[in-house]
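# Descriptive structure summary
Below are the chains, spelled out letter by letter.
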Amino acid sequence: MQLLKALVSFIVGTLVGAAGSKLFGPFGGVLGFIAGALAAWWVAQRMDFLNS
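If you're wondering where the values come from, they're calculated on a predicted model, not measured in any experiment. (Residues numbered from 1 in each chain as written. Predicted model: local features only at pLDDT ≥ 70, side-chain atom pairs only at ≥ 80, totals over all residues. Heavy atoms only, no water.)

Along its length, the protein chain carries 1 helix and 0 strands. Evaluated residue by residue, the protein chain yields a buried proportion of 23% over its 52 residues. Carbon and sulfur atoms make up 78% of the accessible area of the protein chain, which amounts to about 4,000 Å² in all. (Helix = DSSP H or I, 4+ residues; strand = E, 2+ residues; numbered from the N terminus. Buried < 20%, exposed > 50% of the residue type's maximum accessible area, 1.4 Å probe, protein only. Areas by Shrake-Rupley, 256 points an atom, 1.4 Å probe, with all protein chains shown as cover.)

Shown next as structure tokens:
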């Protein structure tokens, strides 16, 4: 389960970071990275909720 959460977190973080970079340039990449980390944390928490 830990590996799955790590994989999902990586994918979500990468997608959000890439979208921020594409839309807003380098500054958007940094903001996207932060937003991606928050989104990945939220997804991991939701996965935990679904399995308990």
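Another aspect to go through is the environment of G17. Structurally, G17 is set in helix α1 (residues 2-51). Overall, the relative accessible area of 14% leaves G17 in the buried class. In the structure, G17 is positioned 15 residues away from G32 in sequence and 4.0 Å away in space, judged by C-alpha atoms. Other than its neighbours up to four places away in sequence, G17 contacts G29, G32 and F33. (Contact = heavy atoms within 4.5 Å.)

For the rest of this paragraph, the subject is a nonpolar patch on the surface. Together, F27, V30, L31, F33, I34 and L38 make up a nonpolar patch on the protein surface, roughly 670 Å² of accessible area in all. In this structure, V30 sits in helix α1. (Patch = residues over 30% accessible without salt bridge, like charges linked within 9 Å, V, L, I, M, F, W, Y side chains within 5 Å. Salt bridge = Lys/Arg side-chain N within 4 Å of Asp/Glu carboxyl O.)

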